Amino acid sequence: MSLYLNKGINCYFCKWASGHTPDVGTTDMVGIFEILLPERTETLLASLLGVWRESVRASHRFLTEKDILNLEPFVPEAILNTERLFVVCDNGVEAGFMGVAGREIEMLFLSPRMMGRGVGRRLVELAVKSCGADRVDVNEQNPRAVNFYRHMGFNTVGRDATDYLGNPFPILHMALGSEVVMETERLILRPWHDDDAAALYRYARDPRIGPVAGWAPHTSEAISLEIIRTVFSSPETYAVVLRQSGEPVGSIGLMFADGVHSACIEGGEAEIGYWIGVPYWGRGLIPEAVERLLQRGFEELGLSAVWCGHYDGNAQSRRVMEKCGFRFHHTETGKLSPLGDLRTEHFLRLTADEWRAGQPFTRSR
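Since this is a predicted model, take the numbers as computed values, not measurements.

Draft legend 1. View of the overall build of the chain. When helices and strands are tallied, the chain shows 11 helices and 16 strands. Buried residues in the chain amount to 49% of all 365 residues. A sequence separation of at least 24 residues applies to 63% of the contacts in the chain between residues at least 6 apart. About 17,300 Å² of surface is accessible on the chain, with carbon and sulfur atoms providing 51% of the total.

Here is the structure:
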């Protein structure tokens, strides 16, 4: 059993790793224990540093070995000083840990052998129920972690272009039970839900929508559901919903880091993408949605600029961009589209200062 069982330390969760009651004397056990400050020995800190290294190498693919070595000296002190420390033990060996301070989950790292076994979920549930935690900061370039916290009920409420040390690794600020919903005069922008699949398929199957933007028309409701659970589960991606009927008729979102199309886009900037069903073309709905999302990007996420790109020949999309204040920046040729063909793509840009200087719409809620 865990080496902590005889130390008078609270055991919050134990389970038999094999999924059934073991024979007497077995050590096939996973447990989560709270480690008080006097028990945070140098030996324990060294062991948890090893867990941190394993976890980061497995999940933070955007970090180089040099980055990891530069961050490493800060880890033991952070573990030592966190308000409440919970350690995962697997057959008596440290295999993960979580730090909680006030209402924030400060850190959560698991050894690769613990990933996908429900231990992360148990840790977050423990933080929420026993510590009252409802906030967490996550590396934007770690999509697995972002999607995990979204699945646990957290949503993005803010963004920093750098980490706490000033490194170019954007941080998403997430909060529990705070599904981001934005409203305009005629629209509601909210995250996509599984039960939106039928409506998504209804509009996304039209060949006049996807191919001009570089994606294939949806061929079934099942495909639409898969898109909702993957592509549309990305942070800052929203269904464009009609206020009057409650029906999703399009999509809009901000893309960061690896999701953007142009290498000119820098940290602290994002790219916006959008589409709407053919029956709603020409009604000014997408400009209305774009303006609301720009407001969130500049005022709530602290972006310095937002970009928008369109393939050659998509004049309709360009008109939306120009109506919303975007200005032409540059053209890139020979771009490989998601459909596999080479295209010319034009990029427009709107800075935060330009947006504030000339609002084409009345700001919405």
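Draft legend 2. Representation of the packing of aromatic side chains within the structure. Inspection of the entire model under this criterion finds nine aromatic pairs. Between Phe62 and Phe169, the aromatic rings sit 5.5 Å apart at their centres with planes inclined by 55°, giving tilted as the arrangement. In this pair, Phe62 is assigned in the loop between helix H1 (42-59) and helix H2 (65-71) and Phe169 in the loop between strand E7 (154-160) and strand E8 (171-176), connecting sequence segments 107 residues apart. Residue class for Phe169 comes out buried when judged on its relative accessible area of 9%. With centroids separated by 5.4 Å and ring planes inclined at 40°, the aromatic side chains of Phe298 and Trp355 adopt a geometry described as tilted. Of this pair, Phe298 sits in helix H9 (residues 285-300) while Trp355 sits in helix H11 (residues 352-357), and the two are 57 residues apart along the sequence. Judged on exposure class, the residue Phe298 and its partner Trp355 are both buried. Here a set of aromatic residues connected by ring pairs shows up, and it is made of Trp52, Phe97 and Phe109.

Draft legend 3. Focus on helix H10 (residues 315-323). Along H10, the residues classified as buried are Ser317, Val320 and Met321. Buried residues of H10, seen end-on, are gathered within an arc of 100° and therefore sit on one face of the element. Residues of H10 that are buried sit in contact with strand E13 (269-276), H9, strand E14 (305-311) and strand E16 (342-351). The first or second residue beyond H10 is Gly325, which carries a positive phi of 100°.

Draft legend 4. Inspection of the sheet that holds strand E10 (residues 187-190) at higher detail. Taken in spatial order, the eight strands line up as E9-E10-E11-E12-E13-E14-E16-E15 in an open sheet, and their pairing is mixed. The outermost strands of the open sheet, each flanked by one partner alone, are strand E9 (182-183) and strand E15 (327-336). Here E13 pairs with E14 via three bridges, running parallel. Across the sheet, the residue bridging to Glu271 is Trp307, located in E14. Running at roughly 160° to E14, H10 makes contact with E13, E14, E15 and E16 of the sheet.

Draft legend 5. Inspection of the pattern of salt bridges at higher detail. This structure, assessed with the given rule, holds 24 salt bridges. Close ionic contact of Glu65 with Arg57 constitutes a salt bridge, the shortest N to O distance being 2.9 Å. The class of Glu65 is partly exposed, set by a relative accessible area of 42%. Glu354 is the salt-bridge partner of Arg327, the closest N and O atoms lying 3.4 Å from each other. Taken together, the residues span a long stretch of sequence, with Arg327 in strand E15 and Glu354 in helix H11 at a distance of 27 residues. According to the relative accessible area criterion, Glu354 is partly exposed, its value standing at 26%. Counted as one network, the salt bridges with shared partners bring together Glu236, Arg292, Arg296 and Glu300.

Draft legend 6. Structural detail: the side chain of Thr351. Tracing the backbone shows Thr351 in strand E16. Look at Thr351 and you get buried, because its relative accessible area is 15%. In this view, Thr351 contacts Phe298, Ser304 and Ala305; residues no more than four positions away in its chain are not counted.

Draft legend 7. A look at the environment of Val180. Secondary-structure assignment places Val180 in the loop between E8 and E9. Along the backbone, Val180 and Thr156 are 24 residues apart, and their C-alpha atoms lie at a distance of 7.4 Å. Discounting residues that sit within four places of it in the chain, Val180 has contacts with Asn155, Thr156, Leu189, Arg190, Pro191, Tyr238 and Arg296.

Draft legend 8. Layout of the confidence of the model for the chain. Scored by pLDDT, the chain comes out at a mean of 87, with 89% of its residues at no less than 70. Here residues 13-28 is modelled with pLDDT under 50, and outside its nearest four sequence neighbours on either side it reaches 26 contacts, counting other chains as well.

Draft legend 9. Examining the side chain of Glu345 more closely. As for its position among the elements, Glu345 is in strand E16. Of note is the side chain of Glu345, whose polar atom sits 3.2 Å from the side chain of Lys335. Apart from the residues within four sequence positions on either side, Glu345 is in contact with His261, Gly309, His310, Tyr311, His330, Thr331, Glu332 and Lys335.

Draft legend 10. Representation of the nonpolar core within the structure. Core analysis: the largest hydrophobic core is formed by 47 residues, its most contacted members being Ile252, Leu254, Ile272, Tyr274, Val290 and Phe326. Ranked by residues supplied to this core, first place goes to H9 with seven residues. Setting aside residues no more than four positions away along its own chain, Ile272 makes contact with Ile252, Gly253, Leu254, Met255, Val290, Leu293, Val306, Trp307, Cys308 and Phe326. Grouped together as the second largest cluster of nonpolar side chains are 27 residues, Val30, Phe86, Leu110 and Met152 included.

Draft legend 11. Fine view of the pairing of E10. The pairing of E9 with E10 spans two bridges and is antiparallel. Within the sheet, the bridge partner assigned to Met182 lies in E10 and is Leu189. As consecutive antiparallel partners, E9 and E10 are separated by three residues.

Reading guide: rules and limits
- Residues numbered from 1 in each chain as written.
- Predicted model: local features only at pLDDT ≥ 70, side-chain atom pairs only at ≥ 80, totals over all residues.
- Heavy atoms only, no water.
- Helix = DSSP H or I, 4+ residues; strand = E, 2+ residues; numbered from the N terminus.
- Buried < 20%, exposed > 50% of the residue type's maximum accessible area, 1.4 Å probe, protein only.
- Contact = heavy atoms within 4.5 Å.
- Areas by Shrake-Rupley, 256 points an atom, 1.4 Å probe, with all protein chains shown as cover.
- Phe/Tyr/Trp six-rings, centres within 6.5 Å; stacked < 30°, edge-to-face > 60°.
- Arc of directions from axis to C-beta.
- Pairing = 2+ DSSP bridges.
- Axes fitted to C-alpha atoms, helices over the stretch in contact; angles between N-to-C directions.
- Salt bridge = Lys/Arg side-chain N within 4 Å of Asp/Glu carboxyl O.
- pLDDT = per-residue confidence, 0-100.
- Polar contact = N/O pair within 3.5 Å; in protein donor to acceptor, adjacent residues only side chain to side chain.
- Core = buried A, V, L, I, M, F, W, Y, C linked by side-chain atoms within 4.5 Å.

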